[in-house]
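An overview of the molecular structure
Chain residues, written in single-letter form:
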Amino acid sequence: MPPPPTPPAPPAAPSTVSGGCACGQSLAALLMRVMLGMMLIMAGVDKFKSPAPPYHYKFEYWHDKYNEAGELVDYGKWRNVAKPVFEFGGFNNTEVYGVKGVNFLSHMFRLYAITLPYAMLGVGLCILVGFLNRLFLFLGGAIWMSLAIGQMTLPDNPTVWMLTTYTAFYVIALALAKHNRFALTRF
């Protein structure tokens, strides 16, 4: 008896990655990363813009101004960020939070507002160049989410919706991070 015929070899499995490093998902991740990085950088730079025309940029505009004796002369632009949420959100209510609680919250709001543009610049730059993608995309989304939470206390629904949409873009970018081939690091 002759041996049974050997079955034909199964066809090769299709490749899961098509198009090499320029596949659609990689290009989508690149475009998303560049847009989100530039959005954070430009929002951070805008915080240092002069209050009146002709516009120019200095770090001094964001910070308080003091005279030689160390007395406060003028508040910086940071106060425009923190004051509405702090006051209209009710965080300055000593009957609810007590004097120590209000003092603590005022220091936290000031610290947040002072560091906000620097965080935007640093995180935006890391996203733009693709350094530790997942970590900095998460931090970028957290920045916009923190701003949205602050606006929720006012309530300012159109701004909350806009900031929530920004945060959603970071969610999409995080989903595309595994396809991010045009970056300094692949994490």
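Higher on the page you've got the structure.
Cut-offs used in this document
- Residues numbered from 1 in each chain as written.
- Predicted model: local features only at pLDDT ≥ 70, side-chain atom pairs only at ≥ 80, totals over all residues.
- Heavy atoms only, no water.
- Helix = DSSP H or I, 4+ residues; strand = E, 2+ residues; numbered from the N terminus.
- Buried < 20%, exposed > 50% of the residue type's maximum accessible area, 1.4 Å probe, protein only.
- Axes fitted to C-alpha atoms, helices over the stretch in contact; angles between N-to-C directions.
- Parallel < 35°, antiparallel > 145°, perpendicular 65-115°, else oblique.
- Left-handed = near helix turned anticlockwise from the far one by under 90°.
- Contact = heavy atoms within 4.5 Å.
- Nonpolar A, V, L, I, M, F, W, Y, C, P; charged D, E, K, R; others polar.
- Expected span 1.5 Å × (residues − 1).
- Bend = angle between axes of the 7 residues up to and from the residue.
- Polar contact = N/O pair within 3.5 Å; in protein donor to acceptor, adjacent residues only side chain to side chain.
- Patch = residues over 30% accessible without salt bridge, like charges linked within 9 Å, V, L, I, M, F, W, Y side chains within 5 Å.
- Areas by Shrake-Rupley, 256 points an atom, 1.4 Å probe, with all protein chains shown as cover.
- Salt bridge = Lys/Arg side-chain N within 4 Å of Asp/Glu carboxyl O.
- Phe/Tyr/Trp six-rings, centres within 6.5 Å; stacked < 30°, edge-to-face > 60°.

1. Considering the environment of Ala175
Among the secondary structure elements, Ala175 is positioned in helix H5 (residues 157-176). For Ala175, a relative accessible area of 53% translates into the label exposed. Each C-alpha atom of the pair Ala175 and Arg134 lies 9.3 Å from the other, and the pair is 41 residues apart in sequence.

2. A look at the packing of helix H4 (residues 133-152) against H5
Direction vectors running N to C along H4 and H5 enclose 165 degrees, while the axes themselves pass 8 Å from each other. In terms of orientation, H4 and H5 fall into the roughly antiparallel class. Judged by the sense of rotation from one axis to the other, the crossing of H4 with H5 is left-handed. On H5, the residues that touch Arg134, Leu137, Phe138, Gly140, Gly141, Trp144, Met145, Leu147, Ala148, Gln151 and Met152 of H4 are Thr159, Val160, Leu163, Thr164, Tyr166, Thr167, Tyr170, Ala173 and Leu174. Among the residues forming the contact of H4 with H5, the class breakdown is 13 nonpolar, six polar and one charged.

3. Some details on helix H3 (residues 94-129)
In a regular helix each residue adds 1.5 Å, so 36 residues correspond to 52 Å; H3 covers only 45 Å between its end C-alpha atoms and thus falls short of that length. In the structure, H3 departs most strongly from a straight axis at Lys100, where the bend amounts to approximately 75 degrees. Sitting at the head of H3, Asn93 places a side-chain oxygen 3.0 Å from the backbone nitrogen of Glu95. Looking one or two residues beyond H3, the residue adopting positive phi is Gly130, at roughly 80 degrees.

4. Details of the environment of Leu163
The topology assignment puts Leu163 in helix H5. Sequence-wise, Leu163 and Leu132 are 31 residues apart; in three dimensions their C-alpha atoms are separated by 23 Å. The residues contacting Leu163, other than those within four sequence positions of it, are Trp144, Leu147, Ala148 and Gln151.

5. Structural notes on a nonpolar patch on the surface
Judged by side-chain polarity, Leu125, Val129, Phe131 and Leu184 come together as a nonpolar surface patch covering roughly 360 Å² of accessible area. Within the fold, Val129 resides in helix H3.

6. Observations concerning the packing of helix H1 (residues 24-46) against H3
It is at 7 Å that the axes of H1 and H3 come closest, and there the two elements cross at 160 degrees. Classified by the angle their axes make, H1 and H3 are roughly antiparallel. Crossing angle aside, the handedness with which H1 passes H3 is left-handed. Where H1 abuts H3, its residues Arg33, Val34, Leu36, Gly37, Met38, Leu40, Ile41, Ala43, Gly44 and Val45 lie against Pro117, Met120, Leu121, Val123, Gly124, Leu125, Ile127, Leu128 and Val129. For the contact of H1 with H3, the per-class residue count stands at 15 nonpolar, three polar and one charged.

7. Here's the deal with the packing of aromatic side chains
What the rule picks out here adds up to eight aromatic pairs. With 5.9 Å between their ring centres and 25 degrees between their planes, Phe59 and Tyr118 make a pair best called stacked. Linking Phe59 in the loop between H1 and strand S1 (65-66) with Tyr118 in helix H3, this pair joins segments that are 59 residues apart in sequence. Classification of Phe59 as exposed rests on a relative accessible area of 51%. The class of Tyr118 is partly exposed, set by a relative accessible area of 34%. Seen in terms of ring centroids, Phe86 and Phe109 are 5.3 Å apart; in terms of plane orientation they differ by 65 degrees. Their pairing is edge-to-face. In this pair, Phe86 sits in helix H2 (residues 78-88) while Phe109 sits in helix H3, placing the two residues 23 residues apart along the sequence. Residue Phe86 is classed as buried on the basis of its relative accessible area, which comes to 14%. For Phe109, a relative accessible area of 16% translates into the label buried. Linked through ring pairs, Phe86, Phe91, Tyr97 and Phe109 together constitute an aromatic cluster.

Don't take any of this as a statement about function, it's just geometry.
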